[in-house]
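This is what each chain is made of:
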Amino acid sequence: MRFLMLVKHGENPGPPPKEFLDAMTKLGEEAAKSGTMLQSGGLSPLAKSTSVRLSRGQLTTIDGPFSESKEVVGGFAMFELKSKEEAIEGAKQFMELHKKYWPGWEGETEVRQVLGTEAFDPKA
Amino acid sequence: MKVARKNSERHSACARGWIVVLSVVVTATDTHRAIDAVWRIESARIIAGLIRIVRDVGLAEELAQDALVAALQQWPESGVPDNPGAWLMATAKHRAIDHFRRNALLERKHQEIVRELEAKQEMAVEDLHTAIDDEVGDDLLRLIFIACHPVLSTEARVALTLRLLGGLTTEEIARAFLAPEPTIAQRIVRAKRTLAEEQVPFEVPRRPELASRLSSVLEVIYLVFNEGYSATAGDDWMRPALCEEALRLGRILAELAPKEPEVHGLVALMEIQASRSRARTGPSGEPILLLDQNRELWDQLLIRRGLAALERAEKLGGARGPYALQAAITACHARARLPQDTDWPRIVAFYEQLAQLTPSPIVELNRAVAVAMAFGPAEGLQIIDTLVSEPSLKSYHLLPSVRGDFLFKLGRFAEARVEFERAVSLTRNAREREFLLERARTCAEAPANSGPR
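This one's a predicted model, so the numbers in the text were calculated from it and none came from an experiment.

A. Structural view of the overall build of chain B. Summing up its helical and strand segments, chain B has 20 helices and zero strands in all. Out of the 453 residues belonging to chain B, those deemed buried represent 54%. By sequence separation, contacts in chain B at least 24 residues apart represent 67% of the contacts at least 6 residues apart. For chain B, the exposed area adds up to about 20,600 Å²; of that, 52% sits on carbon and sulfur atoms.

Quick look at the structure:
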C-alpha cells in the first residue's frame, strides 16, 4: 500500500535549529535504508507559489502569498508500506523529531493512502 | 557454545508457544496493531544488533521475540513509548544479560559480554539507541550476508532472509511459498543450527569472496521477487507481498552497498517489473501479456526509480552484469509508450550479450521471442526449434506456449493448437491454464491454414 505523507505547518515556522536538521538528515538516511521511501521533497513557500482556481465557472490565477491560508503543505514523502499502522508509526517518529529538536514548532503530518495501490496488497 | 545452544533450544520452544498466543492477540486491539507495525520497522535492526552482541542468530532472534512479548504485555497499559525501537532493544539486552547470568557454566566470553552490556545499559535508553545506531547499517548488511550464507540451502536462505530481514512470521512465509508451516519452521530452525555449528562469522565478506557472496544474496532476493511475480503454483497469478518484500530488501541493499553495480542492476530490474503489477492481470485475475497491457496503468514512479537505478549500475561500470542487462531489456519496454514503439532490435542485442554471459535455454527462449518481434515469427521459430530437444525445458510450459504463439502468427493453427494443449498439461498455475486453454480454443476456431495473422 502506498502512502503520501503531507507535512503541514504555519506559513513562517522560521529557520530550523541545526540539531533538528541533523536529526532530519539521519531520519532521511534511515528511511532510505529501510527501503520503504519511494520519493520525498520539500515545497517552495506559498509566497512563491501560484494557485489556479475554478469558482462560479470562472478560472482565476492567483500568485502567492495567499492571505487566507493558516497552514501550508511544506513537504511530502511517498512510502510503500504493509499497513496503515506502519504509516502512522512512521509519521509519529517523524513528528517526535520535531517535538524533540524544534521547540515551539507546531504542525501536522497527514497520512493519506494513495488509492489504486491496493492491487499490491491482496488483503486491502 | 554447547551449553548456550541447549539453552536456546529450550527457549525456542517457549518462543514458539508465545508466537501462537501472539497471533491470536495481535488482531485484537489498536495497540497490538501498532506493535505489529513497530516490529516490522525495527525487528531486523534489533536482531542484527543483538547478533553482534551475542554472536548467535538463533539466540538473538529469541531475545528479540522476548522483547516483543514484553511489549505486548506492557504497551497496552503504558502506551507505546516515544522511541519504541530503543525500548525493544534495551529490553532485549536486559534479557540477554539475564540469559547469560542464568547460565550456570559461564564461559569467559560470556562474562565479557555481560560486563560490556552492563556498562552500556547504564546509559540512558536514548543514548543506547544512538550507540547502536552508528553500527546499524553495518549490522544489517552483516545480517543479509549471514542469512544468505552459501553454507545454507537456497530454500533455507530464502526462509531465513524473509524471517530475519522481512520480519515475516513462519506462517506468512509458509503461505507465500504454499508450504506447510512446520516445514518452514523446521527449515528455519535447521538453518540457525547450521550457522551456529559451522561457526559462520557475523561479518561483511571481503574481496575476493565478496563477489560470490553478493551474488548469493542477489539470487535470494530475485528468487523471492520471482516467486511473487510469477507464482509457480496456486490460484493467484502473483503474490504481491513477496514482490514488495524483495523490492524492499533490494532497496536496503542498494543503500548499504552503494558501490556494487549489480545490486543496482537487480533493483532496476525489480522496480521496472513491479511497475507493471497493476497492468498484468485482468479484472478476474487472468494474466495479460506485456504487449496487451494498458500502459497507462504502469507505475511511472517505479519506472523512474528503475531507470535511475539502471543508470547508477551503468555509471559504476556494470552495464554488462547479468542483472543490469536484464534490467536494460525491461527498460526498453518501459520507455515505449506504445507497444509498437518498442525497440526490438535493441532488445535482441541485449539478449545476445546475456546469452554470451550466462548461456541458458531460458535466455535462448527469450531471445527467440525478441527475434520474432524484431524480424518476424519465422526467425523466432528457427531458434525455438533448436530448443525442442533441450532436456531442461522438457516440462517447461513456456516453450510450447511460445512455439504455439509463433505457429499461430504464421497461420499454422493446427500445430499451434497442439503446442498450446501441451503447455496446458505442463503448467501448475490455474490462471495460466485457463489462458492457454483459451488460446487453444482460438486455434480450433480459426479456419485451417488461413494464412499468417
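B. Molecular detail of the nonpolar core. Residues and elements named next belong to chain B. Leu143, Phe225 and Leu253 are the most contacted members of the largest nonpolar core, which has 134 residues in total. Broken down by element, this core gets its largest block of residues, eleven residues, from helix H2 (residues 30–54). Contact partners of leucine 143, with chain neighbours within four places excluded, come to Ala44, Ile47, Ala48, Ile51, Leu164, Leu165 and Phe202.

C. Structural context of the state of the cysteines. All names here are of chain B. Applying the stated rule across the entire model yields zero disulfides over all chains. Cysteine cysteine 243 remains unbridged, with the sulfur of cysteine 148 as its closest cysteine sulfur at 17 Å. Residue classification places cysteine 243 among the buried positions, given a relative accessible area of 1%.

D. Structural view of the interface of chain A and chain B. Facing the 27 residues of chain A at the interface are 32 residues of chain B. Across the interface of chain A and chain B, roughly 2,700 Å² is buried in total on both sides, 53% from carbon and sulfur atoms. Linking chain A to chain B there are six salt bridges. Between arginine 40 of chain B and glutamate 86 of chain A there is a salt bridge; the shortest N-O distance is 3.1 Å. The interface formed by chain A and chain B holds nine residue pairs in polar contact (both at pLDDT 80 or more) in total. Of all elements in the fold, only helix H1 (18–33), strand E2 (37–42), strand E5 (71–80) and helix H2 (84–101) of chain A reach the threshold of two or more residues within the side of chain A that touches chain B. Here the element with the most residues in the side of chain A that touches chain B is H2 of chain A; it accounts for seven residues. Split into classes, the residues belonging to the side of chain A that touches chain B amount to nine nonpolar, six polar and twelve charged.

E. Local environment of the side chain of threonine 36 of chain A. As for its position among the elements, threonine 36 of chain A is in the loop between H1 and E2. Here threonine 36 of chain A falls in the buried class, since its relative accessible area comes to 6%. Filtering out sequence-adjacent residues up to four positions away, threonine 36 of chain A remains in contact with Ala31, Met78, Phe79, Glu80 and Leu81 of chain A together with Arg248 of chain B.

F. Region of the structure containing the packing of helix H13 (residues 300–315) of chain B against helix H14 (residues 322–335) of chain B. Residues and elements named next belong to chain B. Close contact between H13 and H14 brings their axes to 10 Å; oriented N to C, the two are set at 140 degrees. When the axis of H13 is compared with that of H14, the two are oblique. Once H13 is placed against H14, the crossing between them reads as left-handed. Contacts between H13 and H14 involve Ile303, Leu307, Leu310 and Ala313 from the first element and Ala324, Ala327, Ala328, Ala331, Ala334 and Arg335 from the second.

G. Focus on helix H11 (residues 240–256) of chain B. With 17 residues, H11 of chain B ought to run about 24 Å at 1.5 Å a step, and its terminal C-alpha atoms sit 24 Å apart, in line with that. For H11 of chain B, the buried fraction is high: 15 of the 17 residues fall into the buried class.

H. Structural context of the pattern of salt bridges. Residues and elements named next belong to chain B. Taken as a whole, this structure holds 33 salt bridges over all chains when the rule is applied. Arginine 157 serves as the salt-bridge partner of glutamate 219, at 4.0 Å between the closest nitrogen and oxygen. Taken together, the residues span a long stretch of sequence, with glutamate 219 in helix H10 (residues 209–229) and arginine 157 in helix H7 (residues 154–164) at a distance of 62 residues. According to the relative accessible area criterion, glutamate 219 is partly exposed, its value standing at 34%. The buried category is assigned to arginine 157, whose relative accessible area is 9%.

Parameters and conventions
- Within any chain, residue numbers begin from 1 and follow the written order of that chain's sequence.
- A letter from A marks each chain and a number from 1 marks each ligand, given out in the order of writing.
- The predicted nature of this model means local features are confined to residues of pLDDT at least 70 and side-chain atom pairs, given and counted, to a pLDDT of 80 or more, with totals for whole chains, interfaces and linings taken over all residues.
- Heavy atoms throughout the structure, all of them, feed into the side-chain values; hydrogens and water do not.
- The numbering of helices and of strands both runs from the N terminus, where a helix is a DSSP run of H or I of at least 4 residues and a strand a run of E of at least 2.
- Classification of residues uses two cut-offs on accessible area relative to the type maximum, computed with a 1.4 Å probe and protein chains only: under 20% is buried, over 50% is exposed, and between them is partly exposed.
- Residues count as neighbours in contact if any of their non-hydrogen atoms are within 4.5 Å of one another.
- Each accessible area value is a Shrake-Rupley result obtained with a 1.4 Å probe; residue values ignore everything except the protein chains displayed when judging cover.
- For this analysis, a nonpolar core means a set of buried residues of the types Ala, Val, Leu, Ile, Met, Phe, Trp, Tyr and Cys, connected via side-chain atoms within 4.5 Å.
- To count as a disulfide, a pair of cysteine sulfur atoms needs to be within 2.5 Å.
- Simply put, the buried area is the total loss of 1.4 Å probe accessible area from both parts when two parts are fitted together.
- Whenever a carboxyl oxygen of Asp or Glu lies within 4 Å of a side-chain nitrogen of Lys or Arg, that contact is scored as a salt bridge.
- Pairs of N or O atoms are called polar contacts if they sit within 3.5 Å, as long as, within protein, a hydrogen donor faces a hydrogen acceptor (for residues adjacent in sequence, only side-chain-to-side-chain pairs).
- Under the convention adopted here, Pro, Cys and the residues Ala, Val, Leu, Ile, Met, Phe, Trp and Tyr are nonpolar, Asp, Glu, Lys and Arg are charged, and Gly plus all remaining residues are polar.
- Lines are fitted to the C-alpha atoms to define the axes, a helix being fitted only along its stretch in contact, and any angle between axes, read from their N-to-C directions, falls within 0 to 180 degrees.
- Small angles under 35 degrees read as roughly parallel and large ones over 145 as roughly antiparallel, with 65 to 115 read as roughly perpendicular and the rest as oblique.
- The sense of a crossing depends on the near helix, which, turned anticlockwise from the far helix by less than a right angle, makes the crossing left-handed and, turned clockwise, makes it right-handed.
- The span you would expect from a helix comes to 1.5 Å times its residue count less one.

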